[in-house]
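# Reading the structure
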Amino acid sequence: MSAIQSLVLKSDNSGFDETLFAAIADDLYHQGYSITPVALPSALCTSMSQYQLKMDEQRFKAAGIGRGNDYLKNEFVRTDEICWITGKSPEEVEWLNWTAQLQRYLNSRLFLGLFSFESHFAHYAPGMYYKRHYDAFKGEAQRVLSIVTYLNSGWAIDDGGELVLFTDDNDIEGIKVVPLMGTIVVFLSEDFPHEVLPAQRDRYSIAGWYRVNTSVSERVDPPL
Ligand code: OGA
Ligand code: MN
């Protein structure tokens, strides 16, 4: 094999975690959700968490004295701060490449027809929360699959900030997920209400959604 061939092979495979993707697909098929600790490739964890910290610092400085209303939109439902991932830096591109690989894998295994993807960083300062909600509503073909991953190194039991995933409307107990670095949660957006409990410390995560193509003849979805 030539040097160039091995480079191409290497870059094709880098970050492609077939075992992980297969486990997520199996979980989704059998239960509609998947929770995997230490799942996000460690290089991606490192670059995303460093990037988010750096970005947060800059934003904090830029916010200066008067914060825009944007910060606390919907104050009674969610009090986190978000930043959309558009591909504006190598780190964002790295994340989008990885989520695109997962998208392709899930489409080929589960025929989900996932068409586009949107995601954002979220920072919950101490005391912030996101009340019980759905990411999508039945019949409004939009967000099909939600994915959340966490960028917090170390998390104590009393730090709070768990994601609570409820299996249906009547579930009041739910499944608690500790927001530890690299844990990946994937679930069908219409089927699982969930909430973020208030944390005692800064809590960093990325939340994303895969959509199906909802275009009809006259209305074409804008490309991402
Ligand atoms: C969301 C969400 C969960 C989390 O942003 O819609 O539910 O654990 N996030 O950050
Ligand atoms: Mn949500």
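Quick caveat, the model's predicted, so the values are computed rather than measured. (Residues numbered from 1 in each chain as written. Chains lettered and ligands numbered in written order. Predicted model: local features only at pLDDT ≥ 70, side-chain atom pairs only at ≥ 80, totals over all residues. Heavy atoms only, no water.)

Attention now moves to the packing of aromatic side chains. For the coordinates displayed, the defined rule picks out 10 aromatic pairs. For the ring pair W84 and W209, a centre distance of 6.4 Å and an interplane angle of 50° mean the geometry is tilted. Separated by 125 residues along the polypeptide, W84 in strand β2 (residues 81-84) and W209 in strand β10 (residues 203-212) bring together distant segments of the chain. Given a relative accessible area of 7%, W209 falls into the buried group. Pairwise contacts between aromatic rings join F21, W95, W98, Y105, F117 and Y210 into one cluster. A cation over an aromatic ring shows up here: R143 above the ring of W209, its NZ or CZ 3.8 Å from the ring centre. Sitting over the ring of Y124, R203 keeps its end group 4.9 Å from the ring centre. (Phe/Tyr/Trp six-rings, centres within 6.5 Å; stacked < 30°, edge-to-face > 60°. Helix = DSSP H or I, 4+ residues; strand = E, 2+ residues; numbered from the N terminus. Buried < 20%, exposed > 50% of the residue type's maximum accessible area, 1.4 Å probe, protein only. Lys NZ or Arg CZ within 6 Å of the ring centre and 35° of its normal.)

Positive phi outside glycine occurs at V38, with the angle close to 45°. Relative to the helices and strands, V38 is located in the loop between β1 (33-36) and α3 (42-63). Among the residues examined, V38 registers a relative accessible area of 75% and is labelled exposed. Of note in this structure, F111 is not a glycine but carries a positive phi near 50°.

Here we take up the pattern of salt bridges. Inspection of every chain in the model, using the stated rule, returns 5 salt bridges. A salt bridge links R143 to E118; the nearest nitrogen and oxygen atoms lie 3.0 Å apart. Here R143 is found in strand β5 (residues 143-150), whereas its partner E118 is found in strand β3 (residues 114-124), with 25 residues between them in sequence. Its relative accessible area of 17% is what places R143 among the buried residues. Three or more residues are tied together by salt bridges with common partners; here these are E118, R143 and R211. (Salt bridge = Lys/Arg side-chain N within 4 Å of Asp/Glu carboxyl O.)

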